[in-house]
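Chain and residue survey
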Amino acid sequence: MKQEHRQKSGTWSLRGKLLGKALVCGFLLAVGASFFPFAAACAQLPQNVVRLHVVAHSNREEDQAVKLLVRDAVLEEASRWYEGAATMEEASAALCVHLESLGDTARQTLADQDMDYSATAQMTEMYFPTRDYGSFRLPAGRYRTLRITLGEGAGKNWWCVVFPSLCLPAASQEEALLALPEAEREIVENSQAYQVKFKVVELWESLREWLRG
């Protein structure tokens, strides 16, 4: 009798575990159904965007201030060279060809402000966390990047977008966003509706970055 009772208890326990697993799987599938399209669109964004990363010489007030002047000058100079580019690859290629000019722009800005250090410009790929720019947001991931390093590059950095020209003061942001595919533009423009999903993407991209070593 006791053995039969234990068998029944074991059966019900197994059924309970299976039911629990089924509920968890159902929940994950439901979440995944809504999350994966969002994640896929986020994963495509780096294929359509070139970021700008400016690293200050130090955290002294004057070095941080000149960093912003360099940012504005480089954004303006960059827009001259990728004008007419329809894709990230075209814009990136144009920036690569004119890296010397972009570096010269940064160095001239420093000289105009009587700074006693120089600047370097390079095209690279970098990981960025999720970043809110006020009117739009970009998800975490690895992006093609125009990196400007000022002096020793030991200060706080600044990043935004070179292409499309979302961070250029003179540019129309709405017009610049039209360069992005519709699904990606929806994410960038309506980021407040995707708070949790942005966080999940950032956790996933952080994990991938950690696995890269």
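This structure is a prediction, so every number in the text was calculated from the model and none was measured. (Residues numbered from 1 in each chain as written. Predicted model: local features only at pLDDT ≥ 70, side-chain atom pairs only at ≥ 80, totals over all residues. Heavy atoms only, no water.)

1. Structural notes on a negative patch on the surface
A cluster of acidic residues, Glu 174, Glu 182, Glu 186 and Glu 189, forms a negative patch on the protein surface. It is helix H6 (residues 182-189) that provides the largest number of residues to the negative patch, a total of three residues. The residue Glu 189 is located in helix H6 in this model. (Patch = residues over 30% accessible without salt bridge, like charges linked within 9 Å, V, L, I, M, F, W, Y side chains within 5 Å. Areas by Shrake-Rupley, 256 points an atom, 1.4 Å probe, with all protein chains shown as cover. Salt bridge = Lys/Arg side-chain N within 4 Å of Asp/Glu carboxyl O. Lys, Arg positive; Asp, Glu negative; His and termini not counted. Charge placed at Lys NZ, Arg CZ, Asp CG, Glu CD. Helix = DSSP H or I, 4+ residues; strand = E, 2+ residues; numbered from the N terminus.)

2. Some points on the nonpolar core
By size, the foremost hydrophobic cluster in this structure holds 45 residues, and its most contacted members are Leu 52, Tyr 82, Phe 136 and Ile 148. For this core, the secondary structure elements donating two or more residues are strand S1 (50-55), helix H2 (61-81), helix H3 (88-97), helix H4 (99-112), strand S2 (119-128), strand S5 (141-150), strand S6 (157-163) and helix H5 (173-177). The element that contributes the greatest number of residues to this core is S6, accounting for six residues. Excluding residues within four positions of it along the chain, Leu 52 makes contact with Arg 71, Val 74, Leu 75, Thr 145, Leu 146, Ile 148, Trp 158, Trp 159, Cys 160, Val 161 and Val 162. (Core = buried A, V, L, I, M, F, W, Y, C linked by side-chain atoms within 4.5 Å. Buried < 20%, exposed > 50% of the residue type's maximum accessible area, 1.4 Å probe, protein only. Contact = heavy atoms within 4.5 Å.)

3. Points about the confidence of the model for the protein chain
Confidence in the prediction for the protein chain averages 80 pLDDT; 72% of positions are at 70 or higher. Within the protein chain, H4 carries the highest mean pLDDT (97), whereas helix H1 (residues 2-44) carries the lowest (55). pLDDT under 50 marks residues 24-33. Its contacts with residues more than four places away, or in other chains, come to one contact. (pLDDT = per-residue confidence, 0-100.)

4. Digging into the state of the cysteines
Considering all chains together, one arrives at one disulfide under this definition. One disulfide in the model links Cys 160 with Cys 167; its S-S distance is 1.3 Å. Here Cys 160 and Cys 167 have matching classes, each one buried. (Disulfide = S-S within 2.5 Å.)

5. Focus: the pattern of salt bridges
Think of it this way: side chains of opposite charge can pair up when their charged atoms draw near. In this structure the tally under the stated criterion is eight salt bridges. Among the salt bridges present, the one from Glu 62 reaches Arg 60, with a minimum N-O distance of 3.5 Å. A relative accessible area of 39% means that Glu 62 is categorised as partly exposed. Counted as one network, the salt bridges with shared partners bring together Arg 60, Glu 62 and Asp 63.

6. Structural notes on the pairing of S6
Note on strand geometry: in a regular strand, side chains alternate between the two faces of the sheet. Across the seven residues that make up S6, a large majority, six, are buried. Of the pairings in the sheet, the one linking S1 to S6 comprises six bridges and is antiparallel in character. Looking at S6, one finds that Val 55 is bridged to Asn 157. (Pairing = 2+ DSSP bridges.)

7. Some points on the packing of aromatic side chains
By the definition in use, this model includes three aromatic pairs. Geometrically, the ring pair formed by Tyr 82 and Phe 163 is edge-to-face, given 5.4 Å between the ring centres and 80° between the ring planes. Taken together, the residues Tyr 82 in the loop between H2 and H3 and Phe 163 in strand S6 connect sequence positions 81 residues apart. Across the pair, exposure class does not vary: Tyr 82 and Phe 163 are buried alike. Centre to centre, the rings of Phe 128 and Trp 159 are 5.8 Å apart; their planes meet at 75°, and the pair counts as edge-to-face. (Phe/Tyr/Trp six-rings, centres within 6.5 Å; stacked < 30°, edge-to-face > 60°.)

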